[in-house]
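Reading the structure
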Amino acid sequence: MDIDALQTPLYVMEEAKLEKNLQLLDYVQQESGAKILLALKGFAFSGGMKMVSKYLHGCCASGLHEARYATEKVGREVHTYAPAFKEEEIDEIIALSHHLVFNSFAQWQKFKPKALGKVSCGLRVNPEVSASPTDMYNPCASFSRLGITEKAFHEALLEGIEGLHFHALCEQGADALEMVLAGFEEKFGDYIHLMKWVNFGGGHHITKEGYDVAKLIKLIRDFKTKYGVDVYLEPGEAVGWQTGFLVATVLDIVHNEIDIAILDTSAEAHMPDTILMPYRAEVRGAGKAGEKPYTYRLAGNTCLAGDVMGDYAFDRPLEIGEKIIFEDQIHYTIVKNSTFNGIKLPDLALLKKDGTIEIIREFGYEAYERRN
Ligand SMILES: *Cc1c(COP(=O)(O)O)cnc(C)c1O
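Residues numbered from 1 in each chain as written. Predicted model: local features only at pLDDT ≥ 70, side-chain atom pairs only at ≥ 80, totals over all residues. Heavy atoms only, no water.

1. Here we look at the packing of aromatic side chains
Per the stated rule, a full pass over the model turns up 14 aromatic pairs. Here Phe 105 and Phe 153 contribute two aromatic rings whose centre-to-centre distance is 5.3 Å and whose plane-to-plane angle is 80°, an arrangement assigned as edge-to-face. You can see Phe 105 sitting in helix α5 (residues 105-115) and its partner Phe 153 sitting in the loop between β6 (120-124) and β7 (161-165), a full 48 residues away along the chain. Judged by its relative accessible area of 6%, Phe 105 is buried. (Phe/Tyr/Trp six-rings, centres within 6.5 Å; stacked < 30°, edge-to-face > 60°. Helix = DSSP H or I, 4+ residues; strand = E, 2+ residues; numbered from the N terminus. Buried < 20%, exposed > 50% of the residue type's maximum accessible area, 1.4 Å probe, protein only.)

2. Quick look at the state of the cysteines
Tallying each qualifying case throughout the model produces 0 disulfides. Cysteine Cys 121 remains unbridged, with the sulfur of Cys 60 as its closest cysteine sulfur at 16 Å. Among the residues examined, Cys 121 registers a relative accessible area of 1% and is labelled buried. (Disulfide = S-S within 2.5 Å.)

3. A short note on the pairing of strand β17 (residues 357-361)
Taken together, the 4 bridges between strand β16 (residues 347-351) and β17 define a ladder with antiparallel strand orientation. Counterpart to Leu 348 in the pairing with β17 is Arg 361. The loop that links β16 with its antiparallel partner β17 comprises 5 residues; one of these, Gly 355, has a positive phi angle of about 90°. (Pairing = 2+ DSSP bridges.)

4. Some thoughts on helix α7 (residues 213-227)
It helps to recall that an α-helix has 3.6 residues per turn; residues three or four apart then point in one direction. Here α7 contains 15 residues, and its C-alpha end-to-end distance of 21 Å stays within 8% of the 21 Å for a straight helix at 1.5 Å per residue. Taken from the residues just after α7, Gly 228 is the one with a positive phi, measuring 65°. (Expected span 1.5 Å × (residues − 1).)

5. Some points on the sheet that holds strand β8 (residues 197-199)
Pairing is parallel around the closed barrel formed by 8 strands, whose spatial order is β2-β3-β4-β5-β6-β7-β8-β9. Taken over all neighbouring pairs, the strand axes of this sheet differ in orientation by 25° on average, direction set aside. Relative to strand β9 (residues 230-233), strand β2 (residues 35-39) is paired through 2 bridges, and the arrangement is parallel. The residue bridging Ile 36 from the neighbouring strand is Leu 233, located in β9. Strand contacts of α7: β8 and β9, with the helix running at about 150° to β9, the strand carrying the most contacts. (Axes fitted to C-alpha atoms, helices over the stretch in contact; angles between N-to-C directions. Contact = heavy atoms within 4.5 Å.)

6. Brief notes about the environment of Asp 2
Examined against the element boundaries, Asp 2 turns out to sit in the segment before β1 (10-14). When the C-alpha positions of Asp 2 and Ile 357 are compared, they lie 9.6 Å apart, and in sequence the two are 355 residues distant. One polar contact links the side chain of Asp 2 to the main-chain amide nitrogen of Asp 4, over a distance of 3.2 Å. (Polar contact = N/O pair within 3.5 Å; in protein donor to acceptor, adjacent residues only side chain to side chain.)

7. Details of the pattern of salt bridges
Here the structure, examined in full by the defined rule, presents 21 salt bridges. The closest approach of N and O atoms between Glu 88 and Lys 86, which form a salt bridge, is 3.6 Å. Given a relative accessible area of 62%, Glu 88 falls into the exposed group. On the accessibility criterion, Lys 86 (44% relative accessible area) is partly exposed. Measuring nitrogen to oxygen at the nearest pair gives 2.7 Å for the salt bridge that ties Lys 344 to Asp 347. Looking at Lys 344, the relative accessible area reads 30%, which means it is partly exposed. A network of salt bridges, in which partner residues are shared, links Glu 87, Asp 91, Lys 110 and Lys 114. (Salt bridge = Lys/Arg side-chain N within 4 Å of Asp/Glu carboxyl O.)

Written as structure tokens, this is what we have:
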């Protein structure tokens, strides 16, 4: 692949890397008996969905649009959860979904007459245990709206409910799952024997190096043996983890005490978690500031002062027109992109297993005009 010939900004998803992740997830399915769904919230790259369909059991969707996308692009099972469903969308959601997960007893009561018999209904509970790294991504933080707490749980209203769902992890290991499971069992253990399935949510960083896959498998097996239920996992990040990169071009280099390279992309619009989480994206061939002779602040081409990716050091001076590659930019990027400041959305490309590259989507003015 000739990186210099590519039009930027551009996300490139690598098919071989996606397949490697899916094969590991499939191994977990085989060994544990759990069914794994892709959480579209984190990764919805159309060029990879056929392959997802080959290895995973389907998708978890956060509402009508993701449920429809899951049906059209992946097929298999569609499990839909939303903090609240809308009256005008519920019929279509029910028609598209196999599992429907409600976030409150009020929502369950409201939609029960429509859902019963058409879809397997469940409730999301809040185990109130979490070791999530940041409150922004902690569904169990104080005052969380996500999931029913033990206090708000009504055993008398369970008739028709076939499953329980919790989601309390974020980029975490099997030890964190063990802790959350203990909290879940302590608070809701009395109801599990009434259920057909339990969904352990997402946030399992299964494809990250060092994840204790054997422990995950054991936790699932033990749980299945103890309660005799189907177990689902619905990771997003673990599917898209390290499956590709974002290519940008250096447009200009300005100097204000330090050297600053302005790129034809944006941290705010195209790499939002670098600002929100925040975290530092890796740049191919670069080190931390001062680690190599030439340090630059890499920044976006919007008028937002804080649109900065960070400070990076290079072996030689950057040149205008040069390509910069941000690693691991496929999950929680494309799904969150905006056209803020009118900046062009990055195109989407697929690097196939045979080494050829296919442009899947190209975005221009229409993408901005339609939304404004
Ligand atoms: C975000 C989310 C997921 C996926 O989480 P990852 O951290 O991407 O694995 C799964 N289920 C629910 C309910 C979520 O909100």
